[in-house]
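The chain contents come next:
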2 protein chains.
Amino acid sequence: MANDQSPRGRRGRRRDSAMPSPALAQPPFRQLKRSYPATSLISDDQVEHIHQASLNLLSETGLDVLHEGARAVMKKAGADVRDGEERVRFDPDLINNCIATVPSEFTLHARNARHNVTMGGNNVVFNMMASAPNCSDTDRGRRAGNQEDYRNFLRLAQMHNVLHVTGGYPVEPVDIHASIRHLDCIQDYITLTDKAYCIYSLGEERVADAIEMTRIAHGLTHDQMRDRACMFSIINTNSPLQLDIPMMQGVMALSEMGQPVVITPFTLAGAMAPITIAGAVTLQNAEALAGVALSQMVRPGAPVMYGGFTSNVDMKTGSPAFGTPEYMKAQHIGGQLARRYGIPYRSSNVCAANTVDAQAAYEAVFSLWGAINGGANMLMHGAGWLEGGLCCSYEKVILDIDLLQMVSEFLQPVSTSPDDLALEAINEVGPAGHFFGTDHTQARYRDAFYSPILSDWRNFENWEEAGSPIAIEKANAEWKTRLGAYEAPALDPAIREELDAFVTKRKAEGGAATDF
Amino acid sequence: MANDQSPRGRRGRRRDSAMPSPALAQPPFRQLKRSYPATSLISDDQVEHIHQASLNLLSETGLDVLHEGARAVMKKAGADVRDGEERVRFDPDLINNCIATVPSEFTLHARNARHNVTMGGNNVVFNMMASAPNCSDTDRGRRAGNQEDYRNFLRLAQMHNVLHVTGGYPVEPVDIHASIRHLDCIQDYITLTDKAYCIYSLGEERVADAIEMTRIAHGLTHDQMRDRACMFSIINTNSPLQLDIPMMQGVMALSEMGQPVVITPFTLAGAMAPITIAGAVTLQNAEALAGVALSQMVRPGAPVMYGGFTSNVDMKTGSPAFGTPEYMKAQHIGGQLARRYGIPYRSSNVCAANTVDAQAAYEAVFSLWGAINGGANMLMHGAGWLEGGLCCSYEKVILDIDLLQMVSEFLQPVSTSPDDLALEAINEVGPAGHFFGTDHTQARYRDAFYSPILSDWRNFENWEEAGSPIAIEKANAEWKTRLGAYEAPALDPAIREELDAFVTKRKAEGGAATDF
């Protein structure tokens, strides 16, 4: 595929990297906002029940915090930490005080300021899928994650305005040794994209490398970066009730550096959480609050997010089910809690389908419905997710981008200006007339409606004559065309040089040592 | 397929017709309620803009009312009707006074009282698809509507509890002559189902026959039926700004008889309506209010519904687009207007897809999202719709039933009782434990989660080994199995006899005469 990596494009002029590639018709990059109130699925009293139950859990039962350094921080802040025990208990006042210092909104900066986004409030941000071990397309089938596909997914994320943030490694490039993988992957984030990104909290060295590479990319000093959110990390608790070492290291290092962490329990009802929605969300809430509290203990006012990933399991197989009514309920209730606390909220576009058929689509749209109306500020896994997270699919990327663009269009305000009320046009047309030929229509029809990527609106005869195409086939054609139109964003050569030098040096040092 | 039409089933006992067939695992028949507020997509001020614009349209411009009798009723009620003109104008006070007498809720009675439903308020009712000229399944392909398929779709509607009401002829059986078709079709409604149904306003004779057959089915006198809503009719205005004769005949005859009419403009933005959402909904609103007003002029307090069917067109082909962001916006705004007026609201589950692929699913779920959160009380075309309404698909029926069941599950309240908060179970399991073996889980897992019809949650390897099935294939297997388990509902033999006699008599009389 043609990748024009120089700032001067084919047209011989500096290409503004936030302008859409001329080949790709798409909505502009824009900060989305939910213009209507999120849905309160349960009453405020019920939210209090869950809140109080979480506080009770944190103060009476507590969680096991495996990281000694984290326990020390918690103890210093007033948590109940006992010698020789990993169990930590948190007084309700301590939790409430920590919640109070969380910023309700913050800016996540991209290295291209045009791609900055706001988290929290009624802002809505969409991310690319993250963390799949496999990837697939309908030509080549399914394969283990690798650098080539990893890079392709980053290119697709970069070129689509509806994806605000890359969100993590779309697929895990397992062909790169784990000791240096983060170096290559973040280097690709910075060179192939100019959007904000997510780094993985897999030990202090990797986090330190990520901080340094991001500092270089943004051209900041260490102190400047402490006050400027430029990247984030997903912090999963080990449900139930356990906070592991790499994750706590991540919270501590990143909160200190003012880089947001997204505390996300993985509470599957009936498995790692109670089988009831209320019980699973109570557990989620307690674990999330513990992680949020740590971030504030480390640095009051550090940006942090509340993540929900509560769903049900398939009781036949024990595997997670996604995009289900239960998942949607949890999305909504999690959002109510996050809003109660004034903490920006993260949800996900997830499904359990194995291919891009009707199931993938309905599970995705249910997830989107649950996220948007549940008040999500950041949507993880916005594009590409298949197989409950085990695969990033090229065709699913295109379907999801289409769906996200539809949701974006729905979020655009509706005008009721006199011109839009169109009484003049209605009177001009009169009873039994037609609006197509009016000036009012002619002036607007080119941009009036969202133009879908995949939707086939031909009548049956024409559609059948064209070979009865189905959506996945069109998605396959689309990703290839689009990928072929990718253009790398501009990058200051001095930054590039410094970045490359850092990566080279760290690789020579062995990266983050592994025992394999 | 085995159809046991006697009240005594295979088991030798009277089968309660509202009990699910033992072969079919499904949620119970239940009145659904939206437990959370509908979404206000635009502000109250903006709703006023549209309302005022509609009133302006009705008083300054008016509509063409082709039916002389309707014009006479309107004139008598105070509308501006001029000799020799079809144009009728309505003073704002007249409109507002008519709106004031509309019942905000009413019961729609089925001949089996267990299948009664409530319209209005926060009630939610799902209907089967209506009015397709064609039908299809993946074995036999697409064919013109016919009595056999018509009856099959009624059977599927009857046996699925999530479909509250049949909603119209799922497919038009064009193999029955139009002069007597309504007699056969309504007879099938009454014998194959015991749920409420929709009749077509296609002239005074057909409406009178429908009233009589329904009266017989419910065992009512004419006077009793005048106070008991037992059937309904969809009244489409001829957008823009025209009310045709059969439709006005329907409003008048049915409102007099206390049978609800659902006034539904068909305002496609850019075609029969302005290209702007606000303009299309303004036109929809004016036309709907005119039809509603007529119903109240005929009989103050007659049950009536506000129907929306505003969508965009594909600007390339002019064909309607469905399940789009624009459609969803119109669903929401229409709902805000209906709630402002206190009139029960009708929306639809519609798509433009030609097959049951990802497109059909995402367009459907967007439609469902728009309907439920837009505040719809009655969802037309709940199951089966394909090709923008030109086809009722067996496979789509199953997909839609699954989706409706998921939405139903989402609408079930979430309990936050102490038992559901599950602190005891959480404490029992402790950090890093597992919930599956707990009493709390064991006591609940059988019924805890919605069990989907189509969703395949197997991992990729197992799924691939099983032949990589896609949703449409499973839907094909399912409808056949389910249809095979259909059992006809009980029907009083005396009623059956009277009904048959009426149909025979009317057929001998030539039904409703046609000129072909």
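Predicted model, so just to flag it, every value in this text is computed and none were measured.

This part is about the overall build of chain A. Helix and strand content of chain A: 18 helices and 21 strands. In terms of overall dimensions, chain A is globule-like: its C-alpha atoms have a radius of gyration of 24 Å, near the 24 Å expected for 516 residues. By principal-axis analysis of the C-alpha atoms, chain A measures approximately 80 × 55 × 45 Å. Here chain A holds 516 residues, and the buried ones make up 67% of them. Within chain A, contacts between residues separated by at least 24 positions form 76% of all contacts whose residues are at least 6 apart in sequence. When the accessible surface of chain A is totalled, it reaches about 17100 Å², and 49% of it is carbon and sulfur. Once the 45 positive and 61 negative side-chain charges of chain A are each reduced to a mean point, those two points are 4 Å apart.

On to the sheet that holds strand β13 (residues 261-264) of chain B, then. Within a beta sheet, neighbouring strands are joined by backbone hydrogen bonds and run either parallel or antiparallel to one another. Residue and element names in this part refer to chain B. Read across the sheet, eight strands follow the order β1-β7-β18-β17-β15-β13-β11-β10 without closing on themselves; strand pairing throughout is mixed. Across the chains shown, the open sheet's two edge strands, defined by having one partner strand only, are β1 (32-33) and β10 (197-199). In this structure, β10 lies alongside strand β11 (residues 231-236), joined through three bridges in parallel fashion. Its bridge partner being in β11, Cys-198 is matched across the sheet by Phe-232.

With 107 residues of chain A at the contact, the number on the chain B side is 107 residues. A combined buried area of about 9100 Å² lies between chain A and chain B, and 70% of that area is made up of carbon and sulfur atoms. For Arg-142 of chain B, the salt bridge is made with Glu-461 of chain A, and the minimal N-O distance between the two is 3.5 Å. Between the two partners, chain A and chain B, sit 39 residue pairs in polar contact (both at pLDDT 80 or more).

Another point: the sheet that holds strand β19 (residues 385-386) of chain B. Residues and elements named next belong to chain B. Read from one edge of the open sheet, four strands run β9-β8-β20-β19, paired in mixed fashion. For this open sheet the edge positions go to β9 (141-144) and β19, each flanked by a neighbour on one side alone. Here three bridges tie strand β8 (residues 134-137) to strand β20 (residues 391-393), and the two strands are oriented parallel to one another. From the neighbouring strand, Asn-134 faces β20, where its bridge partner is Cys-391.

Right, let's talk about the packing of aromatic side chains for a bit. Aromatic ring pairs: the centre-centre distance and the angle between the two ring planes describe each pair. Considering all chains together, one arrives at 37 aromatic pairs over all chains under this definition. A network of ring pairs unites the aromatic residues Tyr-36, Phe-366, Trp-369 and Phe-410 of chain A together with Tyr-36, Phe-366, Trp-369 and Phe-410 of chain B as a single cluster.

Per the stated rule, a full pass over the model turns up 50 salt bridges over all chains. The closest approach of N and O atoms between Asp-139 of chain A and Lys-480 of chain A, which form a salt bridge, is 2.6 Å. Placement of the pair is Asp-139 of chain A in the loop between β8 (134-137) and β9 (141-144) and Lys-480 of chain A in helix α17 (residues 471-484), with a sequence separation of 341 residues. The exposure class assigned to Asp-139 of chain A is partly exposed, which follows from its relative accessible area of 48%. The salt bridge involving Arg-215 of chain B is made with Glu-498 of chain B; its shortest N-O contact spans 3.5 Å.

Superposition of chain A onto chain B requires a rotation of 180 degrees combined with a translation of 0.0 Å along the rotation axis, giving an RMSD of 0.0 Å. The relationship between the two copies is best expressed as a two-fold rotation axis. Of the C-alpha atoms belonging to chain A, the one lying closest to the rotation axis is found on Ala-358 of chain A, 2.0 Å away. The share of interface residues of chain A whose copies in chain B are also at the interface is 100%, consistent with both copies meeting through the same surface.

The subject of this paragraph is the nonpolar core. The biggest cluster of nonpolar side chains holds 362 residues, and the ones touching the most others in it are Met-74 and Phe-90 of chain A together with Met-74 and Phe-90 of chain B. With 14 residues, the single largest contributor to this core is helix α9 (residues 277-298) of chain A. Once you skip the residues sitting within four places of it in the chain, Met-74 of chain A turns out to touch Val-65, Ala-79, Val-81, Val-88, Phe-90, Leu-243, Leu-294 and Met-297 of chain A.

A few words now on the pairing of β9 of chain A. Residue and element names in this part refer to chain A. Taken together, the four bridges between β8 and β9 define a ladder with antiparallel strand orientation. Counterpart to Cys-135 in the pairing with β9 is Arg-143. What sits between β8 and β9 in their antiparallel hairpin is a turn of three residues.

The next subject is helix α12 (residues 394-410) of chain B. In an α-helix, one turn spans 3.6 residues, which is why side chains three or four residues apart end up on the same side. All names here are of chain B. An ideal rise of 1.5 Å per residue puts 24 Å on 17 residues; α12 measures up with 25 Å between its terminal C-alpha atoms. The element α12 is extensively covered by neighbouring structure, given that 17 of its 17 residues are classed as buried. Residue Ser-393 occupies the N-cap position of α12, its side-chain oxygen lying 3.2 Å from the main-chain nitrogen of Glu-395.

Mapped onto the fold, Tyr-36 of chain A is located in the loop between β1 (32-33) and α1 (44-61). The class for Tyr-36 of chain A is buried, based on a relative accessible area of 3%. Once the C-alpha coordinates of Tyr-36 of chain A and Ala-466 of chain A are considered, the two residues, 430 residues apart in sequence, prove to be 41 Å apart. Among all residues touching Tyr-36 of chain A, those that are not within four sequence positions of it are Ile-372, Asn-373, Phe-410 and Leu-411 of chain A together with Thr-39, Ser-40, Leu-41 and Trp-369 of chain B. There is a polar contact of 2.8 Å between the side chain of Tyr-36 of chain A and the side chain of Asn-373 of chain A.

All names here are of chain A. Taken as a whole, this structure holds zero disulfides over all chains when the rule is applied. Considering cysteine sulfurs only, Cys-198 is the nearest to Cys-185, which forms no disulfide, with 12 Å between them. A residue is classified by how much of its surface remains accessible, and Cys-185, at 1% relative accessible area, is buried.

When two helices pack together, their arrangement is captured by the angle between the axes and the distance separating the axes. Residue and element names in this part refer to chain A. Running from amino to carboxyl end, helix α5 (residues 181-192) crosses helix α18 (residues 493-508) at an angle of 175 degrees, the nearest separation of the two axes being 10 Å. Classified by the angle their axes make, α5 and α18 are roughly antiparallel. Judged by residue contacts, Leu-183, Asp-184, Gln-187, Ile-190 and Thr-191 of α5 engage Arg-496, Leu-499, Asp-500, Phe-502, Val-503, Arg-506 and Lys-507 from α18. Partitioning the contact of α5 with α18 into residue classes produces five nonpolar, two polar and five charged.

Rules used throughout
Residues numbered from 1 in each chain as written. Chains lettered and ligands numbered in written order. Predicted model: local features only at pLDDT ≥ 70, side-chain atom pairs only at ≥ 80, totals over all residues. Heavy atoms only, no water. Helix = DSSP H or I, 4+ residues; strand = E, 2+ residues; numbered from the N terminus. Rg over C-alpha atoms; globule rule 2.2 N^0.38 Å. Buried < 20%, exposed > 50% of the residue type's maximum accessible area, 1.4 Å probe, protein only. Contact = heavy atoms within 4.5 Å. Areas by Shrake-Rupley, 256 points an atom, 1.4 Å probe, with all protein chains shown as cover. Lys, Arg positive; Asp, Glu negative; His and termini not counted. Charge placed at Lys NZ, Arg CZ, Asp CG, Glu CD. Pairing = 2+ DSSP bridges. Buried area = accessible area lost by both parts, 1.4 Å probe. Salt bridge = Lys/Arg side-chain N within 4 Å of Asp/Glu carboxyl O. Polar contact = N/O pair within 3.5 Å; in protein donor to acceptor, adjacent residues only side chain to side chain. Phe/Tyr/Trp six-rings, centres within 6.5 Å; stacked < 30°, edge-to-face > 60°. Least-squares fit on C-alpha atoms with pLDDT ≥ 70 in both. Core = buried A, V, L, I, M, F, W, Y, C linked by side-chain atoms within 4.5 Å. Expected span 1.5 Å × (residues − 1). Disulfide = S-S within 2.5 Å. Axes fitted to C-alpha atoms, helices over the stretch in contact; angles between N-to-C directions. Parallel < 35°, antiparallel > 145°, perpendicular 65-115°, else oblique. Nonpolar A, V, L, I, M, F, W, Y, C, P; charged D, E, K, R; others polar.

The quantities given are spatial measurements derived from coordinates; they are silent on function.
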